[in-house]
Every structure is written in C-alpha cells, then in structure tokens.
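# Examining the three-dimensional arrangement
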Amino acid sequence: MPELPEVEAARRALAENTIGKKIIKAIVADDSKVIDGVSPKDFEAALLGKTIVAVHRKGKNMWIQLDSPPFPSFQFGMAGAVYIKGVEVTKYKRSAVKDTDEWPSKYSKLFVELADGMEFSFTDKRRFAKVRLLDNPVSVPPISELGPDALMEPMTEDELSNSLRKKNIGIKALLLDQGFISGIGNWMADEVLYQARIHPQQTASSLSKESCATLLKCINEVTDFAVEVDAESLRFPTEWLFHVRWYKKPGKINGKKIDFIKAGGRTTAYVPELQKLSGNQAVKETDKRSKRTTAGYGGGVDESGSEDEPMEPKVTKGRKTGGASKPSKKKPSASVKDSDGDEGDDVSSKRKRGAKKPPTKSKPKGGKTGAAEQRQTRGKGAAAKRKHKEVDDSLSNSSENGIEDGEEDA
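Anyway, here's the lowdown on the structure attached to this text. These numbers come from a predicted model, not from an experiment.

What counts, and at which threshold
Residues numbered from 1 in each chain as written. Predicted model: local features only at pLDDT ≥ 70, side-chain atom pairs only at ≥ 80, totals over all residues. Heavy atoms only, no water. Phe/Tyr/Trp six-rings, centres within 6.5 Å; stacked < 30°, edge-to-face > 60°. Helix = DSSP H or I, 4+ residues; strand = E, 2+ residues; numbered from the N terminus. Buried < 20%, exposed > 50% of the residue type's maximum accessible area, 1.4 Å probe, protein only. Lys NZ or Arg CZ within 6 Å of the ring centre and 35° of its normal. Axes fitted to C-alpha atoms, helices over the stretch in contact; angles between N-to-C directions. Parallel < 35°, antiparallel > 145°, perpendicular 65-115°, else oblique. Left-handed = near helix turned anticlockwise from the far one by under 90°. Contact = heavy atoms within 4.5 Å. Nonpolar A, V, L, I, M, F, W, Y, C, P; charged D, E, K, R; others polar. Pairing = 2+ DSSP bridges. Patch = residues over 30% accessible without salt bridge, like charges linked within 9 Å, V, L, I, M, F, W, Y side chains within 5 Å. Areas by Shrake-Rupley, 256 points an atom, 1.4 Å probe, with all protein chains shown as cover. Salt bridge = Lys/Arg side-chain N within 4 Å of Asp/Glu carboxyl O. Lys, Arg positive; Asp, Glu negative; His and termini not counted. Charge placed at Lys NZ, Arg CZ, Asp CG, Glu CD.

## Topic: the packing of aromatic side chains
Two measures describe an aromatic ring pair: the distance that separates the ring centres and the angle between the ring planes. Applying the stated criterion across every chain, the model contains 9 aromatic pairs. Ring plane angle 80 degrees and centroid distance 4.9 Å describe the contact between Trp-187 and Phe-242, whose orientation is recorded as edge-to-face. Taken together, the residues Trp-187 in helix α5 (residues 186–196) and Phe-242 in the loop between α6 (209–228) and β9 (252–253) connect sequence positions 55 residues apart. The same class applies to Trp-187 as to Phe-242, namely buried. Ring centres of Phe-242 and Trp-246 lie 5.3 Å apart, and the angle between their planes is 80 degrees; on these two criteria the pair is classed as edge-to-face. Linked through ring pairs, Trp-187, Phe-225, Phe-236, Trp-240, Phe-242 and Trp-246 together constitute an aromatic cluster. Here the guanidinium or amino end of Arg-245 rests over the ring plane of Trp-246, the centre of that ring lying 4.7 Å away.

## Describing the packing of α5 against α6
Between α5 and α6, the shortest axis-to-axis distance is 9 Å and the interhelical angle comes to 130 degrees. Compared by their axis directions, α5 and α6 come out oblique. Pair α5 / α6 crosses with right-handed handedness. Contacts between α5 and α6 pair Trp-187, Met-188, Glu-191, Val-192, Leu-193, Gln-195 and Ala-196 from the former with Thr-214, Leu-215, Cys-218, Ile-219, Val-222, Thr-223 and Ala-226 from the latter. A breakdown of the residues in the contact of α5 with α6 according to their chemical character gives 10 nonpolar, 3 polar and 1 charged.

## Side note on the sheet that holds strand β6 (residues 108–114)
Judged by pairing direction, the sheet is antiparallel, and its 4 strands sit side by side in the order β1-β6-β7-β5 without closing on themselves. What marks the edges here is a single partner per strand, and that holds for β1 (23–28) and β5 (80–84). Neighbouring strand axes in the sheet, compared pairwise and without regard to direction, differ in orientation by 10 degrees on average. Direction of pairing for β5 relative to strand β7 (residues 119–124): antiparallel, over a ladder of 5 bridges. Bridged to Tyr-83 within β7 is Ser-121. The sheet strands contacting helix α2 (residues 40–47) are β1 and β6, and the helix crosses β1 at an angle near 165 degrees.

## Considering a positive patch on the surface
Taken together, the side chains of Arg-165, Lys-166, Lys-167 and Lys-209 present a region of like positive charge at the surface. Position of Lys-166 among the secondary structure elements: in the loop between α3 (157–164) and α4 (171–176).

## Some thoughts on the pattern of salt bridges
In the structure shown here, the tally under the stated rule is 15 salt bridges. One salt bridge in this structure joins Arg-11 and Glu-8, with 3.1 Å as the shortest N-O distance. Residue Arg-11 and its partner Glu-8 are both found in helix α1 (residues 4–18); the two are separated by 3 residues, about one turn of the helix. The same class applies to Arg-11 and to Glu-8, which are both buried. Across the pair Glu-153 and Lys-58 runs a salt bridge, and its minimum N-O distance is 3.8 Å. You can see Glu-153 sitting in the loop between β8 (130–134) and α3 and its partner Lys-58 sitting in strand β2 (residues 52–58), a full 95 residues away along the chain. Three or more residues are tied together by salt bridges with common partners; here these are Glu-8, Arg-11, Arg-12, Arg-57 and Asp-149.

## Some points on the pairing of β8
Of all 5 residues in β8, 4 are buried; the element is thus mostly enclosed. Here 5 bridges tie strand β4 (residues 71–75) to β8, and the two strands are oriented antiparallel to one another. Pairing of Ser-73 across the sheet is with Arg-132, part of β8.

Now the structure itself:
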C-alpha cells in the first residue's frame, strides 16, 4: 500500500498547487465502502465555496484544511492515489490509474475543481481507502491513535531502545504497527531491516543497544531519502532491496540470495546470509533444523507461527516413503496450484507410473474353473473397470475446476 513517502509526495503536490484557491465544484462517488459516514450530496455541499488553507499528513493519512470545518480526510488503503490535472505526481506502484485514462478517472472517489481551473482527484481502484469528512481529523481515529510520525517526529536512540525493550514481538510486526511508529509499511520495513542487517522475526526486546542505534539510523535514512526524491522509486539507490523484493520472485541482491517468509502477517523479503536470528532465537532455530533433519522432513514452524511445507517424500512403485504414516488408501485427489502458483503433481500420472494390476487368481487344482466361480470373477472385473472409470471422471472434473489462490500484496 502507499506508505509515508508516497503520501508525503501527494501532500506536497497538493499544497504546492491548491493552497489559497476556492473550491467551485466537487463530485463525490456514490460508494459507501470508501466514502465513510456521509452521503455524497452532503460531502459535496460541505466543500463548495470553501478555500484550501493547508494540506496535512500523519503516517499514511492525509487531510485538507479548509477555511472552516469540516475537512476532507484520506486514508489511502491499498491503492489510494492523488492526481492533479497537468501536474506530475508520484504514483504508487499499484494505483493502476494511467495518464491516458478518462478524466476524472472512473475510479475517482473525490473530484475537485478550483476557481483558477486547477482540478484534482483522489482515486482508489481496489476500494480499501477511506475518505471522511471530519471537524478535527487529529482528534478521532485513525489519526488520534497513531504513534510518532517517522519523518516529522523521529525518536531518539534512548526512546527507541527503551520502547523496544518492552516489546516481546517480532521487529517486523512492530514496525508495521502504526500505533508504535506511523508511516512505515511493508516495503519500508523490509528495506530498513535489510539495511540494518536484522532478521524480520527477531524479537524486538532482544535487540542490543547497538542494533537499536543501527535500526534507528536506517529508519531515518530510508525515510528521508525516499521523501527527498518524492518517492520516485527509479531514483532509489540501486543497492536497495526495494528494486528486487516484489511478487516473491527468486533473485539476488549484491550476489546474495533473497528469501521470502511471513512476518507480521505480511510477505517479507530478506537476505538470510546477512539477516540472521541472534541469541536464544538462533539456538532454537538450530535445534528445529536438527530435529527436522533427524525426522527426515524439510519443514517446520517459523518464528511467526506459520507452517512450512514438509519435504515431498520420494515415490517408489506407486507408494510414498519417508514419512512415519502408512500409505493412504483414499481415492487420489486432483491436481491443484500451490501457494506459489506451481502446478501440483497429477495423480493419474502417478497411478500410471507406480500402480500394479490386481494379482490374477490362480486356477484351482483339477483343471477348469466352475461356472459359479467364473461368474464371480467376471463380476469382480466389471466392478474394477467401473472404479477406474469413476476415478478418471473425478480427475477430469477436478482439473477443470483447479484452485488458484488470490493475489497477495507484497
């Protein structure tokens, strides 16, 4: 989602182009999921004739101060973005509104025209943003519940160290907590921790004073630089993790492998060779790996509590080996895509590779099989054919309705 640098770039662009100008037209979308707590008609009436006095931001929230309340407030959500006609404004990576689209965009939630002809719009394609009309935005949630702003209210080393000492949760999760420090989102947290050489799942309270000082330095440097270049990612240093962390694609940074885990409930990119768990967490992780190796599995539970997939057992003559459980006697299941979008093994091909034909019953001593026994044999053969046909039909139907997981924001 848009983070502090993107929202600050939008605030600065609005401040530079709209302050001191009167609103002569407003169009508010009829979308109660985004326009929160007020009808479009009442929202529009509250803006008309008002003059823009200032544009403010705290964390990932922005509001426009008019010459009298109430004031429009914006919580950007996953893909909120500000557009000013004829003015270049930094666009968030996933805002998905193009310059060639109609104006105002069909995704516009608030459109404003000013007395000098200037026009701007707040858009949100994914509809996770919130646009509100508030008398005093700083006195009510979400802004009243935010921690110090990472740009305007930086902590001192002692303040950060003392705060972390009381937090028995992973450092990535804590950085994402807007009540602890506001403005840092997923990409910023990954970048800060990579540059500070801190594992995303390292418990905050376990960080040394030196690590706290390094963490604060990296928070300030990443925030300041991203804001300085108006969040234009092409101007970010080439050695930043930002350029290679998206979409869970395998890759390297400065010759070192990037890995992806869950931390703070979010997909997290980090470099295992540089960002290692320390102290008791390092010992526990070593013990876990040792136990998994002994048990013959490659998976386990990470520090965030999410389970890894166990190593796929070998297939030998139609049966899986390597686990403690007995071979399953259930019907085979259809192929599906796993969480990374990879196609699962086709069960029908496994059956062709490994399954054996039912053993042929030997004839009884004395020559020919009796008539009753011949009928019984023919009945079993027909049942077996029906069973194979049911399985094939099941596989065919399942492959037509394959499962795909949804998109996850990185």
